[in-house]
Amino acid sequence: MLRMASSFPEEVLEHVFSFIYDDKDRNAISMVCKSWYEIERWCRRRIFVGNCYAVSPPMVIRRFPEVRSVELKGKPHFADFNLVPEGWGGYVYPWIAAMATAYPWLEEIRLKRMVVTDEALELIAKSFKNFKVLVLSSCEGFSTDGLAAIAANCRNLKELDLRESEVDDLSGHWLSHFPDSYTSLVSLNISCLGSEVSFSALERLVGRCPNLRTLRLNRAVPLDRLANILCRAPQLVELGTGTYSAELQPDVFSSLAGAFSGCKELRSLSGFWDAVPGYLPAIYPICPSLTSLNLSYATIQSTDLTKLVSQCQSLQRLWVLDYIEDIGLEALAAFCKDLRELRVFPSEPFAQEPNVSLTEQGLVSVSEGCPKLHSVLYFCRQMTNDALATIARNRPNMTRFRLCIIEPRAPDYITLQPLDDGFGAIVEHCKDLQRLSMAGLLTDRVFEHIGNHAKKLEMLSVAFAGDSDLGLHHVLSGCENLRKLEIRDCPFGDKALLVNAAKLETMRSLWMSSCSVSFGACKLLGQKIPRLNVEVMDERGPPGSRPESCPVEKLYIYRTVAGPRFDMPGFVWTMDEDSALRLS
Amino acid sequence: MGRGGSTSSSSSLESSNYPALTSRSSSLYQQNRDLSTDLRLGLSISTSQQGNPSIPSESDWPPIKPILKKALAAEENECDSATFFVKVYMEGIPIGRKLDLLAHDGYHDLIRTLNHMFNTSILWAEMDGDEHSEQNHVLTYEDKEGDWLIVGDVPWEMFLSSVRRLKITRADI
């Protein structure tokens with residue numbers, strides 16, 4: 001076998017490897033033998049680092065010297081919901097600084113939940129001559145000044161996507177920094193920005209970039225300017241409107257409808273802030289060819305929503321507020337047979353009483369009518385075991401199932417039982433389930449079901465559930481493919497963690513907040529398992545100032561080959577051999 | 001609220017109680033499975049503390065992203081903070097007043113405010129017959145076409161979309 005492997009000249013192997021893009025496949029190739037490892041590392045062009053603290057920039061650069069595309073993720077997922085305090089970490093600057101010298105030909109940077117500064121953006125702008133793609137997903141720490149540097153310097157930029165980032169919006173002037181000679185824009189997403197960009201600069205930019213296929217505008221772009229922009233980019237495939245509200249005027253309506261009709265390639269729509277029903281018919285002509293519709297900001301009611309979705313027979317993805325109600329979801333089930341993904345968000349998340357008639361029935365209808373439905377995120381106020389079991393039987397092809405019942409620990413509202421059996425049915429029938437978020441009243445039994453059946457599960461989110469450590473033990477010992485586990489407000493303590501300590505090295509990360517894990521157990525884990533970073537977050541002060549049995553506020557454990565990090569704020573402590581001795 | 005003190009059997013956190021921690025982790029993963037029986041026995045003795053179920057704060061529950069929270073809040077605020085000020089003149093008084101029509105629910109609310117503002121009682125379209133004699137003034141409005149009409153004939157929303165300004169004239173016509 002070894003002889004065969006070394007009998008191919010390097011160039012041939014390299015050529016063969018160039019057809020292999022998937023990270024897992026690339027990793028497998030590199031493990032065949034030493035020479036394949038060497039050849040592979042020199043020709044790997046794209047790297048993905050799921051946790052920026054799992055490895056250090058010098059380590060990455062040492063192994064892969066010719067990278068063109070980097071993807072990094074920083075903060076834990078629960079940072080999206082304000083559970084990670086400000087200043088926790090996830091700084092990208094050290095990576096950019098290292099790559100600026102090591103990868104002068106870097107083309108693509110994709111970041112998620114990282115802290116990006118204007119300095120980092122300026123460094124990107126001046127270090128990478130062939131820079132093409134910048135995607136900043138849920139990032140923060142930078143201002144429109146940094147964007148101006150990118151716009152002014154990146155001559156070959158194709159993609160600038162700021163999805164859901166928090167930007168210090170000093171002014172909209174940054175957009176005018178794209179020089180008149182710049183024409184290579186393919187994708188621009190500024191939907192998260194608050195301030196107004198110069199509309200004439202925007203129109204000129206759109207007009208001179210013939211390859212533009214994705215344009216997501218921000219709320220500040222008024223409806224009466226949309227037609228002009230669309231007329232300059234009839235080749236658009238994905239559009240995010242600005243504010244979709246204006247006084248009803250026939251001439252504005254007809255030019256808008258005309259502009260939409262002219263966009264024959266349009267497949268994805270989003271935006272629709274403050275949408276008024278009167279202007280919805282302007283998009284009816286393109287509805288039949290839409291594959292993706294994001295109405296998360298559209299406060300239109302169920303009659304208009306129903307009328308709209310009934311015309312979207314090619315729809316594959318729908319994100320919508322619960323204004324759609326059960327009746328709208330029934331229409332979705334009847335007309336949109338190609339639906340793959342559904343997300344329903346709460347219009348009044350803090351109201352005690354339901355403001356709309358959206359129940360478990362809506363989701364059951366969609367599960368019945370849409371055979372390709374495999375990804376669900378559903379916020380509602382009531383659920384039953386029966387409904388969950390029906391959904392499970394209808395859709396054994398489900399791969400991502402996230403349910404959130406607004407009231408924590410809500411039982412089956414008819415039988416008043418926990419929802420253990422309902423979620424049990426989900427994991428039993430949906431054998432390819434990769435991601436699960438549970439809701440409602442749940443005991444240790446649901447975790448037993450998960451441990452027994454959810455063999456392909458990679459990510460699990462748990463809140464206000466379980467009775468004892470047995471619950472956590474079932475998950476850690478049963479879910480063979482578990483990579484990410486995030487837990488909040490559950491009565492899980494030390495035992496399950498310590499017994500399953502070895503499991504933690506096979507996972508990307510574990511988050512536990514408002515649980516019952518003691519400081520002593522954290523120290524033990526940190527001391528004994530060297531390739532885990534056990535980080536304790538406690539805003540009450542040093543954990544050593546309290547008894548060892550005292551539970552920590554927040555715990556984040558992740559595997560790493562880079563050792564403990566040194567950029568932690570004052571409220572984060574790493575438990576390792578040295579620090580454990582210092583703290584006790 | 002620590003649990004450490006209340007557990008019975010293996011309460012001491014010594015690594016010897018947890019084989020996974022005393023030697024190479026990977027080979028011990030298999031052994032952990034056999035511990036599950038011991039664990040179940042040990043754990044079934046100690047019951048969990050369900051005394052204080054935590055109630056989440058609005059800052060982190062339900063789990064929706066800040067960008068959506070902000071958009072929903074902004075939409076609510078817009079409804080609250082929209083205004084529509086129009087000029088109001090009373091016949092014989094050269095200095096007029098300004099009034100926010102959107103701060104009122106309808107005609108009754110508007111008349112009440114005007115009565116108070118101008119210290120009079122005002123006649124409008126929907127008043128009962130026997131009240132007519134009491135009124136000193138009539139409320140009229142100028143619409144988008146420049147015509148002057150008595151207030152109250154059309155639905156409130158339609159009135160809002162066509163009114164340009166208000167005038168209170170003497171009732172002795």
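Since the model is a prediction, treat every value here as computed from it, not as a measurement. (Residues numbered from 1 in each chain as written. Chains lettered and ligands numbered in written order. Predicted model: local features only at pLDDT ≥ 70, side-chain atom pairs only at ≥ 80, totals over all residues. Heavy atoms only, no water.)

Caption draft 1: Representation of the overall build of chain A. Each helix and strand counted, chain A has 22 helices and 23 strands in total. For 584 residues, the compact-globule estimate of 2.2 N^0.38 gives 25 Å, and chain A sits close to it at 26 Å. The principal-axis extents of the C-alpha atoms in chain A amount to approximately 75 × 65 × 55 Å. In chain A, which comprises 584 residues, the proportion classed as buried is 61%. As presented, chain A carries roughly 22,600 Å² of accessible surface, and 52% of it is formed by carbon and sulfur atoms. Counting 63 positive and 71 negative side-chain charges, chain A places the centres of these two groups 7 Å from one another. (Helix = DSSP H or I, 4+ residues; strand = E, 2+ residues; numbered from the N terminus. Rg over C-alpha atoms; globule rule 2.2 N^0.38 Å. Buried < 20%, exposed > 50% of the residue type's maximum accessible area, 1.4 Å probe, protein only. Areas by Shrake-Rupley, 256 points an atom, 1.4 Å probe, with all protein chains shown as cover. Lys, Arg positive; Asp, Glu negative; His and termini not counted. Charge placed at Lys NZ, Arg CZ, Asp CG, Glu CD.)

Caption draft 2: Spatial organisation of the overall build of chain B. Scanning chain B from terminus to terminus reveals four helices and six strands. In chain B, the succession of helices and strands from N to C terminus is α-α-β-β-α-β-β-β-α-β. Counting the 173 residues in chain B, one finds 35% classified as buried. Within chain B, contacts between residues separated by at least 24 positions form 45% of all contacts whose residues are at least 6 apart in sequence. Approximately 10,700 Å² of chain B is accessible, and the part contributed by carbon and sulfur atoms is 51%. (Contact = heavy atoms within 4.5 Å.)

Caption draft 3: Spotlight on the UniProt feature "domain: F-box" (unreviewed entry) in chain A. Per the UniProt record, the feature "domain: F-box" (unreviewed entry) sits at residues 8-49 of chain A. Secondary structure content for residues 8-49 of chain A is 62% helix and 10% strand, and the end C-alpha separation is 31 Å. (UniProt positions renumbered as here; feature names shortened; annotations may be inferred.)

Caption draft 4: Main features of the environment of Ser254 of chain A. Residue and element names in this part refer to chain A. As for its placement among the helices and strands, Ser254 is situated in helix α11 (residues 250-262). Residue classification places Ser254 among the partly exposed residues on the basis of a relative accessible area of 46%. Once the C-alpha coordinates of Ser254 and Asp224 are considered, the two residues, 30 residues apart in sequence, prove to be 11 Å apart.

Caption draft 5: Main features of the packing of helix α7 (residues 118-127) of chain A against helix α8 (residues 144-153) of chain A. Residue and element names in this part refer to chain A. In contact at an axis separation of 8 Å, α7 and α8 are set at 5° when each is read in the N-to-C sense. It follows from the interaxial angle that α7 and α8 lie roughly parallel. Across the interface between the two elements, Asp118, Leu121, Glu122, Ile124 and Ala125 of α7 pack against Asp145, Gly146, Leu147, Ala149, Ile150 and Asn153 of α8. The residue inventory of the contact of α7 with α8, partitioned by class, reads six nonpolar, two polar and three charged. (Axes fitted to C-alpha atoms, helices over the stretch in contact; angles between N-to-C directions. Parallel < 35°, antiparallel > 145°, perpendicular 65-115°, else oblique. Nonpolar A, V, L, I, M, F, W, Y, C, P; charged D, E, K, R; others polar.)

Caption draft 6: Spotlight on the pairing of strand β1 (residues 46-49) of chain A. All names here are of chain A. Along β1, the buried face is formed by Ile47 and Val49; none of Arg46 and Phe48, which line the opposite face, is buried. Taken together, the four bridges between β1 and strand β2 (residues 69-73) define a ladder with parallel strand orientation. Counted as the bridge partner of Val49 is Leu72 from β2. In this region the chain leaves β1, passes through helix α5 (residues 57-63) and returns to the parallel neighbour β2; the handedness of that crossover is right-handed. (Pairing = 2+ DSSP bridges. Right-handed = clockwise from strand over helix to strand, strands pointing away.)

Caption draft 7: Here's a closer look at the nonpolar core. Residues Tyr244, Phe260, Leu318, Phe401 and Ile450 of chain A are the most contacted members of the largest nonpolar core, which totals 211 residues. Apart from residues no more than four positions distant in its own chain, Phe401 of chain A is found in contact with Leu363, Val376, Leu388, Ile391, Phe423, Ile426, Leu433, Arg435, Leu436 and Ser437 of chain A. Counting 21 residues, the second-largest nonpolar core is a separate cluster that includes Met90, Leu101, Ile111 and Leu160 of chain B. (Core = buried A, V, L, I, M, F, W, Y, C linked by side-chain atoms within 4.5 Å.)

Caption draft 8: Representation of empty space enclosed by the protein. Counted by the stated rule, this structure contains two cavities of 30 Å³ or more. Taken as a whole, the largest cavity spans an internal volume of roughly 40 Å³. As for the largest cavity, its lining consists of Ile405, Glu407, Pro408, Arg409, Met438, Ala439, Gly440, Ala463 and Phe464 of chain A together with Trp61 of chain B. Grouping the constituent residues of the lining of the largest cavity by class yields seven nonpolar, one polar and two charged. Reported here for the second largest cavity is a volume of approximately 30 Å³. Residue assignment for the lining of the second largest cavity shows that the elements contributing at least two residues are β20 (509-513) and β22 (554-559) of chain A. Its residues assigned to classes, the lining of the second largest cavity comprises five nonpolar, three polar and two charged. (1 Å grid on protein atoms, 1.4 Å probe; cavity = no way out; pocket = protein on both sides within 12 Å on 5 of 7 lines; lining within 4 Å. Points joined across faces, edges and corners; volume = space filled by probe spheres on them.)

Caption draft 9: Here's a closer look at the pattern of salt bridges. Residue and element names in this part refer to chain A. Going through the model one piece at a time under the given rule, you end up with 34 salt bridges over all chains. Notably, a salt bridge pairs Glu238 with Arg216, separated by 3.9 Å at the nearest N-O pair. In this pair, Glu238 is assigned in strand β10 (residues 238-240) and Arg216 in strand β9 (residues 214-216), connecting sequence segments 22 residues apart. Residues participating in the shared-partner salt-bridge network are Asp538, Arg540, Arg546 and Glu553. (Salt bridge = Lys/Arg side-chain N within 4 Å of Asp/Glu carboxyl O.)

Caption draft 10: Structural view of helix α12 (residues 302-309) of chain A. Residues and elements named next belong to chain A. Residues of α12 that are buried: Ser302, Leu305, Thr306, Leu308 and Val309. Along the axis of α12, the buried residues cluster in a sector spanning 165°; they form a single face. Of the residues in α12, the exposed ones pointing more than 90 degrees away from the buried face are Thr303 and Lys307. Where α12 is buried, its residues contact β12 (292-295), β13 (317-321) and α13 (325-335). (Arc of directions from axis to C-beta.)

Caption draft 11: Layout of α7 of chain A. Residues and elements named next belong to chain A. Burial of α7 is extensive: seven of the ten residues sit out of reach of the surface. Of the residues making up α7, those classed as buried are Asp118, Ala120, Leu121, Leu123, Ile124, Ala125 and Ser127. Packing partners of the buried residues in α7 comprise α6 (93-102), β3 (108-112), β4 (133-137), β5 (140-143) and α8.

Caption draft 12: A negative patch on the surface, seen in detail. Taken together, the side chains of Glu119, Glu122, Asp145 and Asp168 of chain A define an acidic patch exposed on the protein surface. Examined against the element boundaries, Asp145 of chain A turns out to sit in helix α8. (Patch = residues over 30% accessible without salt bridge, like charges linked within 9 Å, V, L, I, M, F, W, Y side chains within 5 Å.)

Caption draft 13: Examining the packing of aromatic side chains more closely. All names here are of chain A. A full pass over the atoms with the stated rule returns 24 aromatic pairs over all chains. One aromatic cluster in this structure is built from Tyr53, Phe78, Phe81, Trp88, Trp511, Tyr556 and Tyr558. Directly above the ring of Trp88 sits Arg565, whose terminal nitrogen or CZ lies 4.4 Å from the centroid. (Phe/Tyr/Trp six-rings, centres within 6.5 Å; stacked < 30°, edge-to-face > 60°. Lys NZ or Arg CZ within 6 Å of the ring centre and 35° of its normal.)

Caption draft 14: Quick look at the confidence of the model for chain B. Residues and elements named next belong to chain B. Summary statistics for chain B give a mean pLDDT of 71 and a share of 60% for residues scoring 70 or more. Averaged pLDDT values for the elements of chain B fall to 42 in helix α1 (residues 25-45) and rise to 92 in strand β5 (residues 148-150). Taken as a whole, residues 1-11 scores under 50 in pLDDT and shows 23 contacts with residues more than four places along the chain or in a different chain. Below a pLDDT of 50 lies the segment residues 23-52, which in the model reaches 38 contacts outside its immediate sequence neighbourhood of four places, other chains included. (pLDDT = per-residue confidence, 0-100.)

Caption draft 15: Fine view of the pairing of β4 of chain A. Residues and elements named next belong to chain A. Taking burial as the measure, the five residues of β4 include five buried ones, the bulk of the element. What you see with β4 is no split at all: Val133, Val135 and Ser137 on one side and Leu134 and Leu136 on the other are buried throughout. Summarising the sheet, β3 and β4 pair through five bridges and their orientation is parallel. Residue Arg110 lies in a different strand from β4, and its bridge partner there is Val135. Note that the unit made of β3, α7 and β4 has a crossover that is right-handed. Where β4 meets strand β6 (residues 159-161), three bridges bridge the pair, whose relative direction is parallel. Bridging across to β6, Leu134 finds its partner in Leu160.

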